[in-house]
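# What the coordinates show
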Amino acid sequence: MSEYLISHTNFNFNGEIPIPPDKSISHRAVILSTFNKEMTKINNLLLSDDVKTTMYSVGSIGVMFAENNGKIFTRGTGIREYIQSPETIDCRNSGTTARLLIGLLSGQKFSTRLDGDESLKKRPMDRVKEPLEEIGAKIETNNGRMPVDIFPSVINGGTINLSTPSAQVKSAVILAALSGNSELKINIEKVTRDHTEIMLNYFTENIIIEQDSLTIIPDPKIINDQIEVPNDPSSAAFFIVGALINDNSDILLKNICINPTRIKFIDILKNMGANILMNNERNVSGELVADINVKSSDLKGIEVSESEIPLIIDEIPILSLAMSLAEGESNIYGATELRFKESDRINTIISELSKLGANISENNDNIKIVGKEVLTYGEVDSHDDHRIAMMLTIASTKCIKDVKILNSGCVKISFPQFYEIFEKYGRNS
Ligand code: S3P
């Protein structure tokens, strides 16, 4: 079991902090590049455990990878020429790999079995199976969980309405439709991150994007041979909050994806009083990108409504910490989707922050937090959830004595250098 001891000091965050490439966009760059029978060059791909899982998975259906000077080159097979994986594909801890692959492989001529680690085996897969079956896929789950068997089938066009507030479910349907027999119109009821749509539009001619719907045209026609991945706002969020809650902090985070479906947490922090500025906005492979400057700020409590949850889904752990140190009361309403993450994040946020003295409680999936000036100290557990481990590390900067994090190694899922960067940029005297 890994553990990380954070010895107490006066913390503040200063300088230009390197943030890793975006995890969601990296998964999609790998998956979409499989459509291209020629070489695709991917710049700034995140080489974390989750993205490597996607690379190994598509490797097992015939896709080739090479690395040169930090760039990844892929050679795909085209969506109709994948080969059957000789073994069960192990999606390990990665929900995104599992959900996107179920979609990608459901319109094939061969069967595939997908499995995962103990955490992934607890996460729901019927949310993907049901809409895919509506368009012709044949899928069996183990009582709604992994392992998942995908049988040969023909994906039909037509119209489908999606109501689950999940980008993974939407992406699975988009990927399945690309191997279908005719156009599929997807009516979107809840706004979630839209990287699949954006990259498909940049990389192929096979999507029409409208206000509340997408139309997917089968058989990807490739129009670009390079994809540039911007840096990850969800990883940046840990250092953004670290700088806000510690006096004498001033940080610059460069080349961060500021897609509106990902930076709602910045609006929320600004409404709490945060001093956050974005400069140098530009477009990278279809995604909006900027440099972000953050200075120490006095935060006050806030209310977050259920409709905002899909847009802050990965930042709720670190926002809960910001609220635990803000003046007054905060409430996050309708956070049910948090129960389906790498851990049940409603439970893990509350149990671990409470151990550090935060005033935080839950009622019917609503989280109530009353802010304090400092936290206590002691031993906490990430429950093998990378975002909980990183949130607790930032929490330790406001603790009055040392903090030990059990099961700390899971940061490699999305941010392999997290602890080194924390030590280097957080301990400025
Ligand atoms: C992701 C979507 C989100 C997010 C996950 C990555 C994606 O999940 O929590 O970390 O890359 O599509 P849901 O959209 O299923 O909530």
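Here the structure is shown first, and the text comes after it.
This write-up is about the structure you can find in this document. (Residues numbered from 1 in each chain as written. Predicted model: local features only at pLDDT ≥ 70, side-chain atom pairs only at ≥ 80, totals over all residues. Heavy atoms only, no water.)

As a further point, take helix α2 (residues 49–59). One full turn of an α-helix is made of 3.6 residues, so residues set three or four places apart face in the same direction. Listed in full, the buried residues belonging to α2 are Asp50, Val51, Thr53, Thr54, Met55, Ser57 and Val58. Turning to α2, the residues buried within the fold contact α1 (23–33), β4 (64–68), β5 (71–75), β6 (89–90) and α3 (95–105). (Buried < 20%, exposed > 50% of the residue type's maximum accessible area, 1.4 Å probe, protein only. Helix = DSSP H or I, 4+ residues; strand = E, 2+ residues; numbered from the N terminus. Contact = heavy atoms within 4.5 Å.)

This brings us to the state of the cysteines. Simply put, disulfide is the name for a covalent bond between the sulfur atoms of two cysteines. Summed over all chains, the structure comprises zero disulfides. Here cysteine 410 is not cross-linked by a disulfide; its sulfur's nearest cysteine counterpart is in cysteine 399, at 18 Å. When its relative accessible area of 6% is taken as the criterion, cysteine 410 is described as buried. (Disulfide = S-S within 2.5 Å.)

Reading across from one edge, β2-β15-β17-β16 is the order of the four strands in this open sheet, with mixed pairing throughout. Sheet topology places β2 (14–16) and β16 (275–284) at the edges, where each strand pairs with a single neighbour. Geometrically, the sheet is characterised by an average inter-axis angle of 20 degrees between neighbouring strands, direction not taken into account. (Pairing = 2+ DSSP bridges. Axes fitted to C-alpha atoms, helices over the stretch in contact; angles between N-to-C directions.)

Here the focus is the site of the ligand. Residues in contact with the ligand, as listed here, are Ser24, Arg28, Thr96, Ser166, Ala167, Gln168, Arg193, Ile313, Asp314 and Lys341. At 2.6 Å, a backbone N or O of alanine 167 approaches an oxygen atom of the ligand. A distance of 3.4 Å is found between an oxygen atom of the ligand and a side-chain nitrogen or oxygen belonging to glutamine 168. A total of 380 Å² of accessible area belongs to the ligand in isolation, and the protein chains cover 96% of it. Looking at the shell around the ligand, the elements that each hand over two or more residues are α1 and α6 (167–177). Here the shell around the ligand is built from residues that sort into two nonpolar, four polar and four charged. (Near = heavy atom within 4 Å. Polar contact = N/O pair within 3.5 Å; in protein donor to acceptor, adjacent residues only side chain to side chain. Areas by Shrake-Rupley, 256 points an atom, 1.4 Å probe, with all protein chains shown as cover. Nonpolar A, V, L, I, M, F, W, Y, C, P; charged D, E, K, R; others polar.)

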